[in-house]
Amino acid sequence: MKRQDQQITGQLHSIETMGLVDGPGIRTIFFLQGCPLRCLYCHNPDTQDLNGGRIVTPSEILQLANRYKPYQGEDGGVTFSGGEPLLQGKFLAESVKLLKENEFNVCIDTSGYGQKEYYSNIFPYVDTILLDVKAFSERAYLDMCLVKQKPLIDFMNQLEDYGFHGQIWIRHVMVPGYTDNKKSMQKLIQTIEPIQHLVERLEILPYHTMGKEKYKELNKPYLLENVNPMDKEKAKEFEIYANVLLAEQMSKDRIELIEKQEVETSTLETNVSLEEHNKIIRNFSNLPLLRHINPEILNDIQHQFIVKKLEKEEILFQSGDDPNYMYIIYSGAIKIFNVLPNMKEQIFYIYRKDSFVGGHNLLSDSKYWYTGEALLDSVVITIPAKIFNIYFANKKAVLKEILSQSFARIRWAEDLINRLATLNSSVKTAGLILRLAENFGIKKNGQIQIPMKFDRAEMSNFSGLTRDSLTRKLGEFEELGYIHIENEILTILNFDALESYLN
Ligand code: SF4
């Protein structure tokens, strides 16, 4: 059967194999044919016509991308430019999907005008959008590009609804006499406000006249005939000014947003000194969960995190509590448990350093159905819901971390079900030792040692055995040479033997 993409074709104007400015790293750039805009300064007027270019399939695009892959290196990838690539929606959708399946980094250079019906099939596969913002009012758009501004405004407002979770580089071509003034830069920043939280870079590109000759060849009038190229240094100054304005606007909006959020009344208060708080937060920013949050933002919001020391057996949250926080374990261990109908405590999970709990509850706005209690003296960093929702919940990388930890927990829960379902106390004991090894084990002289920081009652709650049975079984395992317990340290002597109980 023919692949679906063999029916889909696009019109390719040209290829650049070593693009250095159109996205991160070195790019293979596919210039697609056709553009609905008629920018006065366009230096590729030959790409505007909807008819023309070479007919290609998405598979050919993949083949070409593979051919130039050695040049792209680790940071580079493929960029679709034009013309306006979004004008070939069906072809672009199939191409970006294919490229992503083959692990290419994908950029789209666009003005935001195209076939909307394909956007939801395009943007989930795009890493970076190079968004060209040409002018800053309806009138100015008509004057500079001969089209209305509204499609661009709609594009920006709906971009995340189309499934885009990447970054945006904003680009503006500055033409002398048009936008080379501070007022225009202020308007630029206002225009991009709906997407400012995704903006990674803002560039002011100085207008040049290198495309002029092409107009003669095409027998088209060049309407900026009397306009000089933009001074590069001046453009750089405007670029710096615009970036400062953007940073200010983002910071103002962030503060307003936080103030607008209904602040949950909380009884959670820190019990560490400011010095300790700062020290903990400094280390804390290296956590995998936080590595993807912009360091400046982290710096701005970290004073709102609550650092809390818990003594062993102190409750962090209880079953039935509202999801007001996400908790990150900085040190110690937190046990997650419920009291069963027979009044026995059943421990589900033990969270150690760098684990977190509560992210799912915040995302789904669901109450806790279990209790979190310090199994050892612990320090926990608490992120209030309002901060989580503004800065964390929309970060793909953070969601990925939450999801991957969830998978580990599902595996843990399945294992727990298996262990508890059996009546065999050897299986329960072996399972307990192996899970503790996973969480608390330290490798020493080729053996795994588990510091027995918690009492037998706790261990029996985790294993599903009575204290007596557990003590008896541990004694038996010692006699069999599987483990050795001395000075509150359990050493695993025969890992395979323990594991064979679970298989
Ligand atoms: S959007 Fe780009 S390709 Fe289209 S007319 Fe403007 S500059 Fe030229």
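All values derive from a computational prediction rather than experimental measurement.

The rules we used
- Residues numbered from 1 in each chain as written.
- Predicted model: local features only at pLDDT ≥ 70, side-chain atom pairs only at ≥ 80, totals over all residues.
- Heavy atoms only, no water.
- Helix = DSSP H or I, 4+ residues; strand = E, 2+ residues; numbered from the N terminus.
- Expected span 1.5 Å × (residues − 1).
- Buried < 20%, exposed > 50% of the residue type's maximum accessible area, 1.4 Å probe, protein only.
- Polar contact = N/O pair within 3.5 Å; in protein donor to acceptor, adjacent residues only side chain to side chain.
- Domains from an automatic or database assignment.
- Buried area = accessible area lost by both parts, 1.4 Å probe.
- Salt bridge = Lys/Arg side-chain N within 4 Å of Asp/Glu carboxyl O.
- Nonpolar A, V, L, I, M, F, W, Y, C, P; charged D, E, K, R; others polar.
- Axes fitted to C-alpha atoms, helices over the stretch in contact; angles between N-to-C directions.
- Parallel < 35°, antiparallel > 145°, perpendicular 65-115°, else oblique.
- Contact = heavy atoms within 4.5 Å.
- Core = buried A, V, L, I, M, F, W, Y, C linked by side-chain atoms within 4.5 Å.

What about helix α3 (residues 89-101)?
Since the α-helix turns once every 3.6 residues, residues separated by three or four places project in the same direction.
Right, on to step 1. Between its first and last C-alpha, α3 extends 18 Å over 13 residues, near the 18 Å set by a 1.5 Å rise per residue.
Right, on to step 2. Residues G89, F91, L92, A93, E94, S95, V96, L98 and L99 constitute the buried set of α3.
Right, on to step 3. E103 sits one or two residues past α3 and shows a positive phi near 65°.

Notes on the side chain of K473
Right, on to step 1. Residue position: K473 is located in helix α17 (residues 467-479).
Right, on to step 2. Within the structure, the side chain of K473 is placed 2.9 Å from the side chain of S426, a separation counted as a polar contact.
Right, on to step 3. Within the structure, the side chain of K473 is placed 2.5 Å from the side chain of E476, a separation counted as a polar contact.

Some details on the domain arrangement of the protein chain
Right, on to step 1. What the domain assignment reports for the protein chain is domain 1 (4-260), domain 2 (274-412) and domain 3 (422-502).
Right, on to step 2. Computed over C-alpha atoms only, the centres of domain 2 and domain 3 are separated by 27 Å.
Right, on to step 3. A combined buried area of about 1300 Å² lies between domain 2 and domain 3, and 53% of that area is made up of carbon and sulfur atoms.
Right, on to step 4. If you sort the residues of domain 2 by the area they bury against domain 3, R352, L376 and W412 come out on top, with a joint share of 38%.
Right, on to step 5. In this structure, the connection of domain 2 to domain 3 is made through 0 salt bridges.
Right, on to step 6. The interface formed by domain 2 and domain 3 contains 0 residue pairs in polar contact (both at pLDDT 80 or more).
Right, on to step 7. The class makeup of the residues in the side of domain 2 that touches domain 3 is 7 nonpolar, 1 polar and 6 charged.

Some words on the packing of helix α15 (residues 425-440) against α17
Right, on to step 1. Direction vectors running N to C along α15 and α17 enclose 80°, while the axes themselves pass 10 Å from each other. In terms of orientation, α15 and α17 fall into the roughly perpendicular class. Contacts between α15 and α17 involve S425, S426, T429, A430, L432 and I433 from the former and L470, K473, L474 and F477 from the latter.
Right, on to step 2. Taken together, the residues of the contact of α15 with α17 sort by class into 6 nonpolar, 3 polar and 1 charged.

Quick word on unusual backbone geometry
Right, on to step 1. Note the cis peptide between G82 and G83, where omega equals 15°.
Right, on to step 2. Among the structural elements, G83 can be located in the loop between β4 (77-81) and α3.
Right, on to step 3. The residue L146 is not glycine, and still its phi comes out positive at about 60°.
Right, on to step 4. Looking at the secondary structure, you find L146 in the loop between α5 (138-145) and α6 (150-158).
Right, on to step 5. Positive phi values are uncommon outside glycine, yet D365 reaches one of about 50°.

Looking at the nonpolar core
Across soluble globular proteins, you tend to see nonpolar side chains buried next to one another.
Right, on to step 1. In terms of nonpolar packing, the biggest core is built from 74 residues, with F80, F123, L131, I170, L188 and I192 touching the most fellow members.
Right, on to step 2. Those residues in contact with L131 that lie beyond four places of it in its chain are T110, S111, G112, L152, F155, M156, I168, W169, I170, R171 and I195.

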